[in-house]
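Examining the three-dimensional arrangement
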Amino acid sequence: MPLMTLAGSSPHLPGGAPGGVNRRDFIRICTLAAAAVGLPGASALRFAEAAAAGRKPSVIWLSFQECTGCTESLLRTSHPALDELILDLVSLDYHEALLAPSGYLAEKAREQAMRENDGKYILVVEGAIPTKDGGIYCKIGGRTALDLVQEAAEHAGAIIAIGSCASFGGIPAAEPNPTGAKGAPQVLEGKTVVTLPGCPANPYIFLGTALQYATYGTLPALDELGRPQFAYGRTIHEHCPRRAHFDAGRFAVQFGDEGHRQGWCLYQLGCKGPQTHASCSVLHFGDVVNAWPIGIGHPCVGCTEQAIAFRVPIHTTVEIQHATPPDTYPGIVAEHGGISPVATGVAGLVGGALLGAGFMASRKLGQAEAPDKAPEPGSGEER
Amino acid sequence: MNIDIDRRSLLKGLAAASTLTVLPTAAEARERRTAPPDAVGLLYDTTRCIGCKACVVACKEANGMPADTDGYGGGLYDAPEGLNEYTRNVIQLYQGQGEDNRESSFVKRQCMHCVDPACAGACMMGALQKREFGVVTWDPDRCIGCRYCQMACPFSVPKFEWSKKAPKIVKCELCMHRLKQGKQPACSEVCPRQAVIFGRRTDLLEEAHRRLAEHPDRYVPKVYGERELGGTQCLYLSHVPFESLGFRFQQDEPVPQLQQTVQHGIYQGLVAPLALALGVVVFRNRRQAEAEAEEEAP
Amino acid sequence: MTVQPLKAGAPIPGRSHAAPVGGRLLTLPYKILLALAALGTVLIVWRFAAGLGAATAMSDGYPWGLWITFDVVIGTALACGGYAIAILVYVFNRGRYHPLVRPAVLTSALGYTIAGLSVAVDVGRPWHMWKVPLFF
């Protein structure tokens, strides 16, 4: 099924790379995707070759309780042909927002794609899945989200949950969670689900993961929550461009104050960076430099962390978990105490008193003995 | 008080006592210790250090130590003011006092792993000892927590866990667990400017003298730790006087030299004290017998 | 000198005469000291429960404090008195001032006991103290 062409994008040009961009730009995009996953530069070429040869991975993209932000972030670029380019690196066989057909035809397209790529397609889940009351709070084509995702997961080669909602429930799961919303790993127990939390998730993380799977058949190293370690292995605090200000104790205390204007650390304004694992500080959004919260002067809200996102108030400070030294130094403590004259004096007095007392005692003993010197008659005592 | 003793007996007793104490001392004036053949250590060069504190962070990580966020850490930073129960390695800053004094230097402080350690000499349980590679390590199975080592160390290195119910002595052990795996200590491995390097003591001394010869104007002409206090395995090169960096002692005599001489001279095996006690008892008994004999005789 | 037969309870000739002092045990001074001892016991328990840093003002800058002075230094000094009196009386004095020895040795025993027990409280890892004779 042909995909809808988005308004404003250039049509395919004969020869060269798909999407109408020249080969160099195409390779550059592939290199970026490879670099994002931490794969060697040579992989980029393999991505490009596979894509150009039409061996694009089939992607079944299911959308549930979501805002479509993750899709939008995938498409939001400054380069006019890039959205098509991304769509040409993967074969997006089902995507409710982007599919040309709708209704029964759309569902048939999905079933066909799932059949043709049984065991090989990449299942992408966007949005949370309601579980309360049998999951009736999200139904597509008369079937509950729960049902759809479980069926699709059975035959998928890889499962990727994109965005915080699909990773752990996100906004729908915030208190009081009236629909019993859960993330994909929670409803697909026992299955390996790559989670890409974030609100939205950074598209290059998705791209790199999907392309690695498509090219090599492997998934990147995941942490205990299923998050790729290349993207979620460090906290924002650990690679934040404003870290030097934190270490030096330079904080913005109020929005608009001098510190804020100078671009100082936003910790005191509630930045969740110290407890948030993400790559936003090095991989900005929408291909715009500094298009990320701290970059534009707002503290990180911790959107990738289940314990923080939509739970901890945005301007509440968090604890620093791995404290490191500040930008200041302790001095040399070179003074040492000695024996004070007072102490010497007291010791001398005490010592003198003891000597004097001993002397007096011995004299008294000597005097006491003098009358005893004469031995009593008959007692047998000598001397 | 009339002390009932005749001069001869008194002199005999005193002579016996003093011989017992003097002889052992004269016989075993303790030999000066030298560095063991496998001695390894660090060479720290203040002219290369940039105060980045990567060594502080690496040490904490390699030894599983908590951050010291109390005090001027303010809950945010790991900011120890010196070595303490949470900190085995610290970077301090020396700044010259006074308007005209623009001197400044960083200094890395950790255990010096002395050739003749004061702490090992003072430790009555043998918990602190020089072990493999000449590294001074602490044995938790022997320590009774008397803190003699803290009193003895001329560099104020061993720190005590005052906050714990089962306190340990905490100090740098040159990452012995890494040395045994053939790796170098965490601090020297991570230093981005090779300000602190790891190696055999002989090699480090050679390198230090080479630097002194190559740039005599850059350094104070001394390798601290070559001879000071009997020599240490962690050596220092500096562009400011060593006293300014907190190294209080410059003499060659090791701290335990006199103490060990006396202690092992007089008290070795408790022979001399027991002999003295025995001598006194025998002396007294003999005199008692003499006195009773005199009593019996009409 | 003939040996007289001893009567039960009669003083032994030539020896010091030990006799009970008499009087109440729980006098006011005794009660005050008892209260102090009770307070001391509570503080010893506190020292073990809370750790040395919490119960004392000792720190890395002052690893030895008043405890070493009062307990070890004064305790052993007291005990030294017993040695001194014993040597003086038994060796040089031929036992004439024997009545001095008993209180001196008692004081000495108390001194060493107090010093030893308080070292066990002052020291950070007293459960290894039994190893002292092995490794000293």
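Heads up: these notes are all about the structure in this document. (Residues numbered from 1 in each chain as written. Chains lettered and ligands numbered in written order. Predicted model: local features only at pLDDT ≥ 70, side-chain atom pairs only at ≥ 80, totals over all residues. Heavy atoms only, no water.)

This part takes up the overall build of chain C. Each helix and strand in chain C was counted, giving 5 helices and 0 strands. Element order for chain C, N to C, with α for helix and β for strand: α-α-α-α-α. Residues classed as buried in chain C amount to 23% of the 136 residues present. A sequence separation of at least 24 residues applies to 56% of the contacts in chain C between residues at least 6 apart. With an accessible surface of roughly 9,500 Å², chain C has 74% of that area assigned to carbon and sulfur atoms. (Helix = DSSP H or I, 4+ residues; strand = E, 2+ residues; numbered from the N terminus. Buried < 20%, exposed > 50% of the residue type's maximum accessible area, 1.4 Å probe, protein only. Contact = heavy atoms within 4.5 Å. Areas by Shrake-Rupley, 256 points an atom, 1.4 Å probe, with all protein chains shown as cover.)

Before going further, it helps to examine the pattern of salt bridges. For the coordinates displayed, the defined rule picks out 20 salt bridges over all chains. Residue Glu-305 of chain A is joined to Arg-227 of chain A by a salt bridge in which the shortest nitrogen-to-oxygen separation is 3.2 Å. One end of the pair, Glu-305 of chain A, is in the loop between helix H12 (258-262) and helix H13 (341-372); the other, Arg-227 of chain A, is in the loop between helix H9 (203-216) and helix H10 (229-232), and 78 residues separate them in sequence. In terms of burial, Glu-305 of chain A and Arg-227 of chain A fall into one category: buried. Measuring nitrogen to oxygen at the nearest pair gives 3.3 Å for the salt bridge that ties Glu-228 of chain B to Lys-222 of chain B. Taking relative accessible area as the criterion, Glu-228 of chain B reaches 5% and is therefore assigned buried. Lys-222 of chain B sits in the partly exposed class, given a relative accessible area of 25%. What you see here is one network of salt bridges that share partners, running through Glu-107, Arg-110, Arg-143, Asp-147 and Glu-151 of chain A. (Salt bridge = Lys/Arg side-chain N within 4 Å of Asp/Glu carboxyl O.)

Examined against the element boundaries, Glu-161 of chain B turns out to sit in the loop between strand E6 (159-160) and strand E7 (169-170). Glu-161 of chain B has contacts with Glu-85, Ala-166, Pro-167, Lys-168 and Val-170 of chain B, leaving out every residue within four places of it along the chain.

Our focus in this paragraph is the sheet that holds strand E9 (residues 234-237) of chain B. All names here are of chain B. Here 3 strands make up an open sheet; going across it, the order is E8-E1-E9 and the pairing mixed. Taken across any chain shown, the strands that pair with only one partner, and hence form the sheet edges, are strand E8 (196-200) and E9. Neighbour-to-neighbour, the strand axes of the sheet open up by a mean angle of 25°, direction not taken into account. Looking at chain direction, strand E1 (residues 40-45) and E8 are connected through 5 bridges and run antiparallel. Note that in E8 the partner of Leu-42 across the bridge is Phe-198. (Pairing = 2+ DSSP bridges. Axes fitted to C-alpha atoms, helices over the stretch in contact; angles between N-to-C directions.)

Next up on the list: the interface of chain C and chain B. Interfaces are often sized by the amount of accessible area the parts lose when they come together. Listed by partner, the interface residues are 29 residues for chain C and 34 residues for chain B. A buried area of about 3,000 Å², summed over both sides, lies between chain C and chain B, and 60% of it is on carbon and sulfur atoms. At the boundary of chain C with chain B, the tally comes to 1 salt bridge. One salt bridge in this structure joins Asp-122 of chain C and Arg-147 of chain B, with 2.9 Å as the shortest N-O distance. Where chain C meets chain B, there are 19 residue pairs in polar contact (both at pLDDT 80 or more). Where the side of chain C that touches chain B is concerned, the elements lending two or more residues are helix H1 (28-50), helix H2 (52-55), helix H3 (66-92) and helix H5 (132-135) of chain C. For the side of chain C that touches chain B, the class distribution of residues is 18 nonpolar, 6 polar and 5 charged. (Buried area = accessible area lost by both parts, 1.4 Å probe. Polar contact = N/O pair within 3.5 Å; in protein donor to acceptor, adjacent residues only side chain to side chain. Nonpolar A, V, L, I, M, F, W, Y, C, P; charged D, E, K, R; others polar.)

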